[in-house]
Structures are given as C-alpha cells and as structure tokens.
Amino acid sequence: MTSSRPAAASSVERQPSPAALRGLDALNFFLADVRDGLGPYLAIYLLAVRGPDQGWNEATIGLVMTIAGVAGLIAQTPAGALIDRTRAKRAIVIAAALAVTASCLVLPWISNFYLVAATQSLSGIAGAIFPPALAGITLGVVGPKLFSKRVGRNEGFNHTGNAVSALLAGGLAYLFGPVVVFWLMGVLAVCSIGAMLMVPASAIDDDLARGLDCAETQDCHQASGLKALFQNRNLLLFAVLCAAFHLANAAMLPSVGQLLTKVVGKDYATSLIAICIVAAQCVMVPLAVMVGHKADSWGRKPIFLAAFGFLALRGVLYTFSDNPVWLVAVQCLDGIGAGIYGALFPIVVADLTRGTGRFNVAQGAVSTAQGLGASFSATLAGVLIVSSGYSAAFLVLAAVAAAGFAVYLLFMPETYGYEPRGNGTAPSPPASLAVPAE
C-alpha cells in the first residue's frame, strides 16, 4: 500500500552547475592541507628545530596540541550554528583559511610556550569552521539525494590534496629544512580562496545547507542547538563513538613522527612523515569515493565498523618494529580507518538530523565530542611515551579503538533510512529492507 505522507524535498534531485561542482573539487583539494593547520609537522618542527634546549619534548608538545584542540572543540558547536544561520558561507571559509595560515606563519619567529599555544589555539578555532562549512555548502549545492556520493568525491579530492601537499612538503623539507612547510601553507591558502570563489553564492541553497529538506506541509523545525543533540539518543551515542575514534587515532601519526625523529634524526624525519601521509592518502582516495558510492547500498554500520577495526589493528602493528619502512607500511592502514571515517561522518550526521534544519549545529556538536577525544589523545600518548615508551602508547590507543568497535557493534543502529523521532530511538528500516509498495 502507498503512504499518504507528503514527499520530502530530498526526493527532488538538484541540478548543480558544472562550475559549482568544479569549485567544490578545487576547494576540497586546496583546503586539504590548510584546514588542519600544521598537523603532525608541528610536533616534528618543535622537537627537531626547537628541541629540549628551548623546552620542547614529547610532553610539552602534547600539551600544546591539547590546548589547541580544546580551543578548537569549544568553537565547534558555535561554528556549526554560524554556518546554519549565515548566508555568507563563502566569506566565512575565506576568513578561516586566512586565520589558520597566519597563525602558522608566525611560528618561525616565536618559541615561547604560551605564544605557540596561543597561535595554535587560534588555528584550532578557525579550523572549526571548515567541517560544517564544507558539508553545509556541499549539501546546499547538490541536495540530499546526491549528498552521499558527493561527500565521497569531496573526500577523494581532500585526500589527493593531502597527498600532493605532503609530497611537496617532504621534498622541499629535504632540500630546505622543516621550515618550508609554513610557506607551502601560505601558497595553498591563496589557492583555496580562489577555489571558494569558484562556487557561486547563488548555487548554495541555504535551507538545504542546514538540512531543512522537508516539504512545506511537514513540520521540520525541532529543538535547536545542543538541545537537539541531547534529545536524540542515537546522535548522542554517535558523538561518544566519534570521541573514542579520535582519542585512539589523533595521536598515532604525531607519535610515529616523533619516533621517526629519534630513529633517523631530524634531517629525515619530516620527509619520512610526509611519505607516511602520502601512503595513507593514496589509500584514502579510492576508498572515500567507494564509500560514497556504496554507503546507501551497503549501509553505514558495517563500513564504520571496518574503520574501528583497522584503527585498532594499526595501533598493534606499530609495536612490532621501529624500522622506518615498517612504520610507513603500517601507516597505510590509516588510509582505511580515517578514509572511511571522513567519508561517513557527515553522512551519518545528515541521516540523524534529516529534516530538522539543524544539520550543521548538530555536526558542530558531534565535532566537539570528536575534538575532545582528539585533544586528549595527544596528551595521553605524550605522557605514556615519556613514562612507558612508544609501544605502550600505541597499545593503549589500539585498546580504545577496540572498545569503540564493540560499542558501535552492540548499540549503534543502522542510520540509512533513519527518521528522527523525538528521542531518536526509533529509526526507520533501510530502504533495502523495506517492504515494497503494492
């Protein structure tokens, strides 16, 4: 029998212009390196260039990264709310790119702990803009029906951009030293501004961009802000799982970078960590595109479980050897875990908030939990490395990932076809399991 429920706007397929789609491709490519600031290069720069003589070791570096992470996570929910409300999304992305780049370009001229912490906190706050802005702009350009595939394509260009910038950073750092990564960021920031301007403002539907995709006869307005998150138990559980994933994942690559610095010396560590990043990104590119294409037919849950499983395996394998070739090979597994996570995160949040008009603020709230896990990951790993060694740190991070796998398996529902209903405990079945209409 057919349903009397009105058709949702998501059933109408938008026809984005080729110029807007090319702009999204370029934006994700050039912002790949800018959006995360210095990332693992910060740890290498502070340890190799500044070093213990200027008060920098694994613990103090971890503390700076934690402070920056906390600042960024505090900004996540307000950033999502801002993207939901504003119609000047392009200008906000450009301003954030400039702020992240400026906060990193000043580092060669400062070494004081508090100044470094302040600049990286600014980078973290500005970086909080990018996830909800890119997801919201994408949703507003292509619409809900094409969102899963487009997110996969976005992630493919993002990982390609990371790989290219890492290759450039590794090669240039080998020739000119670790400081070259700062100037590379400046060039990429300029390119990302041009890419953002390639997406016409008129191509972005601001209602769709916030997840308000129901038909006019439906009441799509639910509780706003954090209240919407706490009323949806599955969204809250997903936030906890995202925190666990990043608690396990965020410190792994910086810790490998520090280990490589001790094993091969500062002259080669930056180039080797660039190889680690490139290796992972080369895996992420096809994987992200595949996830975008298969997330609807396979479902979200089994793919997300694979992300947790490979993350746990990666942490264990790091302990087998400190040979640089082995460490780079194991780092390829990051391409599977992080590649799946990056592609599925906005899709699952969109599933859990469909029709509420609160997609970006919910994404920001979940990103707050994610950032909380990431920020404490650096301190946890730093303390464990100083007190018990690198192997102990990697094993603890792997155990966190294994716990996340178990919780997702036992308690998180499949979100494809999910319809938010009050407390979020009654998802609709996936379309592949639904009874065909007569």
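Computed from a prediction, not measured in an experiment: that's the story for all the values here. (Residues numbered from 1 in each chain as written. Predicted model: local features only at pLDDT ≥ 70, side-chain atom pairs only at ≥ 80, totals over all residues. Heavy atoms only, no water.)

A. Spatial organisation of the overall build of the chain. Counting secondary structure elements, the chain contains 18 helices and 0 strands. Taking as baseline every contact in the chain between residues at least 6 positions apart, the subset at least 24 positions apart corresponds to 83%. Of the roughly 17,300 Å² of accessible surface on the chain, 67% is carried by carbon and sulfur atoms. (Helix = DSSP H or I, 4+ residues; strand = E, 2+ residues; numbered from the N terminus. Contact = heavy atoms within 4.5 Å. Areas by Shrake-Rupley, 256 points an atom, 1.4 Å probe, with all protein chains shown as cover.)

B. Summary view of a nonpolar patch on the surface. Together, Phe405, Val407, Leu409, Leu410 and Phe411 line one region of the surface with nonpolar side chains, adding up to about 470 Å² of accessible area. By secondary structure assignment, the location of leucine 410 is in helix H18 (residues 390–411). Take leucine 410: its relative accessible area is 61%, and that puts it in the exposed class. (Patch = residues over 30% accessible without salt bridge, like charges linked within 9 Å, V, L, I, M, F, W, Y side chains within 5 Å. Salt bridge = Lys/Arg side-chain N within 4 Å of Asp/Glu carboxyl O. Buried < 20%, exposed > 50% of the residue type's maximum accessible area, 1.4 Å probe, protein only.)

C. Summary view of the pattern of salt bridges. Scanning the entire structure with this criterion turns up 7 salt bridges. The residue aspartate 206 makes a salt bridge to lysine 89 at a minimum N-O spacing of 2.6 Å. Of the two residues, aspartate 206 sits in helix H9 (residues 206–209) while lysine 89 sits in helix H4 (residues 89–105), which places them 117 residues apart along the sequence. With relative accessibility at 15%, the residue aspartate 206 sits in the buried group. Taking the relative accessible area as the measure of exposure, lysine 89 reaches 2% and is therefore buried. Across the pair aspartate 334 and arginine 314 runs a salt bridge whose closest N-O atoms are separated by 3.1 Å. Pair noted here: aspartate 334 is in helix H16 (residues 334–353) and arginine 314 is in helix H14 (residues 300–317), with a separation of 20 residues, a long-range link. Comparing aspartate 334 with arginine 314 shows no difference in burial state: the two are buried. If you follow the salt bridges from partner to partner, you end up with Asp25, Arg150 and Arg153 in one network.

D. Examining the packing of aromatic side chains more closely. Summed over all chains, the structure comprises 16 aromatic pairs. Note on phenylalanine 147 and phenylalanine 359: the rings are 6.0 Å apart at their centroids and 90 degrees apart in plane angle, and the pair reads as edge-to-face. Separated by 212 residues along the polypeptide, phenylalanine 147 in helix H7 (residues 147–176) and phenylalanine 359 in helix H17 (residues 359–388) bring together distant segments of the chain. Overall, phenylalanine 147 belongs to the buried group, its relative accessible area being 4%. You can call phenylalanine 359 buried: its relative accessible area is 1%. Each residue in the set Phe238, Phe245, Phe304, Phe308, Tyr341, Phe345 and Tyr408 is aromatic and connected to the rest through ring pairs, giving one cluster. (Phe/Tyr/Trp six-rings, centres within 6.5 Å; stacked < 30°, edge-to-face > 60°.)

E. Summary view of the confidence of the model for the chain. Mean pLDDT for the chain: 82, with 87% of residues reaching 70 or above. Contacts of residues 1–12 to residues separated by more than four positions or lying in other chains number 22 contacts, the stretch itself having pLDDT below 50. Throughout residues 422–438 the model reports pLDDT below 50, and contacts reaching past four residues in sequence, or to other chains, amount to 33 contacts. (pLDDT = per-residue confidence, 0-100.)

F. Up close: empty space enclosed by the protein. Summed over the entire model, instances satisfying the criterion amount to 3 cavities of 30 Å³ or more. In this structure, the second largest cavity encloses a volume near 60 Å³. For the second largest cavity, the full set of lining residues is Glu58, Gly62, Met65, Ala251, Pro254, Ser255, Gln258, Ala378, Ala381, Gly382 and Ile385. Among the elements that line the lining of the second largest cavity, the one with the most residues is H17, at 4 residues. When its residues are assigned to classes, the lining of the second largest cavity shows 6 nonpolar, 4 polar and 1 charged. Here the lining of the second largest cavity gathers at least three residues from each of two domains, domain 1 (16–208) and domain 2 (225–418). (1 Å grid on protein atoms, 1.4 Å probe; cavity = no way out; pocket = protein on both sides within 12 Å on 5 of 7 lines; lining within 4 Å. Points joined across faces, edges and corners; volume = space filled by probe spheres on them. Nonpolar A, V, L, I, M, F, W, Y, C, P; charged D, E, K, R; others polar. Domains from an automatic or database assignment.)

G. Spatial organisation of the environment of alanine 20. Tracing the backbone shows alanine 20 in helix H1 (residues 18–34). When its relative accessible area of 0% is taken as the criterion, alanine 20 is described as buried. Taking the C-alpha atoms as reference points, alanine 20 and valine 141, separated by 121 residues in sequence, lie 7.5 Å from one another. Contacts of alanine 20, omitting those with residues within four sequence positions, involve Val141, Val199, Pro200 and Ala203.

H. Summary view of the packing of H7 against helix H8 (residues 180–198). The interhelical angle for the contact between H7 and H8, taken along N-to-C directions, is 145 degrees, at an axis separation of 9 Å. The hand of the H7/H8 crossing is right-handed. Contacts from Ser165, Leu168, Ala169, Leu172 and Ala173 of H7 reach H8 at Val180, Val181, Leu184 and Leu188. Along the lines of polarity and charge, the residues of the contact of H7 with H8 split into 8 nonpolar, 1 polar and no charged. (Axes fitted to C-alpha atoms, helices over the stretch in contact; angles between N-to-C directions. Left-handed = near helix turned anticlockwise from the far one by under 90°.)

I. Summary view of the packing of H14 against H16. It is at 9 Å that the axes of H14 and H16 come closest, and there the two elements cross at 145 degrees. Crossing hand, H14 versus H16: left-handed. Taken together, the residues of H16 that come into contact with H14 (itself represented by Arg300, Ile303, Phe304, Ala306, Ala307, Phe310 and Arg314) are Asp334, Ile336, Gly337, Ile340, Tyr341, Leu344, Ile347, Val348 and Asp351. Residues of the contact of H14 with H16, tallied by class, amount to 11 nonpolar, 1 polar and 4 charged.

J. Summary view of H14. Over its 18 residues, H14 runs 26 Å from end to end, which matches the ideal 26 Å to within 8%, given 1.5 Å per residue. Along H14, the residues that are buried comprise Arg300, Lys301, Ile303, Phe304, Leu305, Ala307, Phe308, Leu311, Ala312, Arg314, Gly315 and Leu317. (Expected span 1.5 Å × (residues − 1).)

K. Up close: the environment of glycine 309. Position of glycine 309 relative to the elements: it lies in helix H14. Each C-alpha atom of the pair glycine 309 and alanine 398 lies 9.3 Å from the other, and the pair is 89 residues apart in sequence.

L. Up close: H4. Compared with an ideal rise of 1.5 Å per residue, which puts 17 residues at 24 Å, H4 spans 25 Å between its outermost C-alpha atoms and is within 8% of the ideal. Among the residues of H4, Lys89, Ile92, Val93, Ile94, Ala96, Ala97, Val100, Thr101, Ser103 and Cys104 are the ones counted as buried. On its buried face, H4 is in contact with H1, helix H3 (58–85), helix H5 (113–127), helix H6 (130–142), H8 and H9.

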